[in-house]
Amino acid sequence: MTRTGRLVVGMTGASGGIYAVRFLRQAIHHYSEIYLIASEQAIQVLQTEVGIDVTRETLNAQTLLGVPYDGLKVLQPRDYFSPPASGSFRHDGMVLIPCSMGTLGRIANGISDDLMTRSADVCLKERRRLIMVVRETPFNLTHLRNMVLACEAGAIIMPANPSFYNRPLTLEEAVDTVVARVLQNLGVEQKLVSEWGIEE
Ligand SMILES: Cc1cc2nc3c(=O)[nH]c(=O)nc-3n(C[C@H](O)[C@H](O)[C@H](O)COP(=O)(O)O)c2cc1C
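Residues numbered from 1 in each chain as written. Predicted model: local features only at pLDDT ≥ 70, side-chain atom pairs only at ≥ 80, totals over all residues. Heavy atoms only, no water.

A.B. asks: So what's going on with helix α7 (residues 171-185)? Residues and values would help.
C.D. replies: A rise of 1.5 Å per residue sets the reference length of α7, with its 15 residues, at 21 Å; its end C-alpha atoms lie 22 Å apart and thus fit the reference within 8%. Approximately 25 degrees is the largest bend angle found in α7, and it occurs at Thr 177. Looking at α7, one finds that the buried residues are Ala 174, Val 175, Asp 176, Thr 177, Val 178, Val 179, Ala 180, Val 182 and Leu 183. Of the surrounding secondary structure, the elements contacted by the buried residues of α7 are α1 (17-27), β4 (94-99) and β5 (130-134). (Helix = DSSP H or I, 4+ residues; strand = E, 2+ residues; numbered from the N terminus. Expected span 1.5 Å × (residues − 1). Bend = angle between axes of the 7 residues up to and from the residue. Buried < 20%, exposed > 50% of the residue type's maximum accessible area, 1.4 Å probe, protein only. Contact = heavy atoms within 4.5 Å.)

A.B. asks: Tell me about the site of the ligand, and please be specific about residues and values.
C.D. replies: Around the ligand sit 13 residues, and of these Gly 13, Ser 39, Ser 100, Thr 103 and Arg 135 come closest. Contacts to the ligand include Arg 106, whose side-chain N or O atom sits 3.3 Å from an oxygen atom. Among the elements of the structure, α2 (40-50) and α4 (101-108) are those that each provide at least two residues to the shell around the ligand. Of the residues forming the shell around the ligand, the biggest block, three residues, is contributed by α4. Here the residues of the shell around the ligand are counted per class, giving three nonpolar, seven polar and three charged. (Near = heavy atom within 4 Å. Polar contact = N/O pair within 3.5 Å; in protein donor to acceptor, adjacent residues only side chain to side chain. Nonpolar A, V, L, I, M, F, W, Y, C, P; charged D, E, K, R; others polar.)

A.B. asks: Tell me about the pattern of salt bridges, and please be specific about residues and values.
C.D. replies: Within the structure shown, the criterion is met by seven salt bridges. Arg 106 is paired through a salt bridge with Asp 113; the nearest N and O atoms lie 3.9 Å apart. For Asp 113, a relative accessible area of 32% puts it in the partly exposed group. Between Glu 189 and Lys 191 there is a salt bridge; the shortest N-O distance is 3.2 Å. Its relative accessible area of 60% is what places Glu 189 among the exposed residues. (Salt bridge = Lys/Arg side-chain N within 4 Å of Asp/Glu carboxyl O.)

A.B. asks: Could you give an account of unusual backbone geometry, naming the residues involved and the relevant values?
C.D. replies: In this chain, Ile 97 is followed by Pro 98 through a cis amide linkage whose omega measures -10 degrees. On the secondary structure map, Pro 98 appears in strand β4. Note that the residue after Thr 137, namely Pro 138, is joined by a cis bond; omega there is -10 degrees. Within the secondary structure, Pro 138 is located in the loop between β5 and α6 (141-152). In the Ramachandran plot, Arg 127 falls in the positive-phi region, its phi being about 60 degrees despite a non-glycine side chain. In this structure, Arg 127 sits in the loop between α5 (115-125) and β5. On the accessibility criterion, Arg 127 (71% relative accessible area) is exposed.

A.B. asks: A description of α5 should follow, citing residues and the corresponding values.
C.D. replies: Think of an α-helix as 3.6 residues a turn; residues three or four steps apart then line up on the same face. α5 sits mainly inside the fold: eight of its eleven residues count as buried. In the core, the buried residues of α5 are packed alongside β1 (6-11), β2 (33-38), β3 (72-75), β4, α4 and β5. Capping the start of α5, Asp 114 holds a side-chain oxygen 3.3 Å from the backbone nitrogen of Met 116, two or three residues further along. Positive phi shows up at Arg 127, right after α5, with a value of about 60 degrees.

A.B. asks: Explain the packing of α1 against α7 to me, and be specific about the residues and the numbers.
C.D. replies: Here α1 crosses α7 at 60 degrees, and the two axes come no closer than 9 Å. Taken together, the axes of α1 and α7 lie oblique to each other. The element α1 and its partner α7 pack so that their crossing is right-handed. Across the interface between the two elements, Ile 18, Tyr 19, Arg 22, Phe 23 and Gln 26 of α1 pack against Leu 171, Glu 172, Val 175, Asp 176, Val 178, Val 179, Val 182 and Leu 183 of α7. Here the contact of α1 with α7 is built from residues that sort into nine nonpolar, one polar and three charged. (Axes fitted to C-alpha atoms, helices over the stretch in contact; angles between N-to-C directions. Parallel < 35°, antiparallel > 145°, perpendicular 65-115°, else oblique. Left-handed = near helix turned anticlockwise from the far one by under 90°.)

A.B. asks: Which residues make up the pairing of β4, and what are the values?
C.D. replies: A large share of β4 lies buried, amounting to six of its six residues. Alternating residues of β4 divide into Met 94, Leu 96 and Pro 98 and Val 95, Ile 97 and Cys 99, and every residue in both groups is buried. Where β1 lies against β4, three bridges are found, and the strand directions are parallel. If you follow Val 8 over to β4, its bridge partner there is Met 94. Summarising the sheet, β4 and β5 pair through four bridges and their orientation is parallel. Its bridge partner lying in β5, Leu 96 is registered against Met 132. (Pairing = 2+ DSSP bridges.)

In structure tokens form, the structure reads like this:
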């Protein structure tokens, strides 16, 4: 498979670091460059939930995904001199996976106080695809309103809600039902989950 294009990925401290790992494992087969922004909390949650022994200093494709991939560019959270901070840098979209309520709220309200929120803000102003895999339960009214605001500004809200009609048997299979929908939404061919009504 030929890799083309650039993707920006933001990983926040919402529960569900496994979504980011499973998503990136697929995305590296499709994109020649992936720009990864991880919040402080994202790294802590990864350690806690996924058990990956990683720090900001050691964050790379090998430690995160267990495979080498030169196209993964790990960005510093406050480096506004890195490419996705500017609309002049062309890319194929940004995925926030998982997306915390804090990051959602900042983006929905135009608060670009770090590279993650600035890059998302750039996506919205440039009318590029911005997918937010939000995760929280239950939602309070502010969360819900922020999702509406973000959606009105052009973001695609894709909650980290697994589907069960394909009868996932493992945690990874359940997670992949969400990953598959994100990939489809990016226009990327995926074979994780078959299309409804289509025999494989
Ligand atoms: C183990 C763990 C799980 C968390 N799960 C969620 C969650 O599902 N959704 C959420 O919005 N925040 C969650 N939080 C809280 C966020 O990490 C916290 O609000 C943080 O400030 C988010 O920062 P960030 O958006 O910069 O990553 C969790 C925190 C921890 C330690």
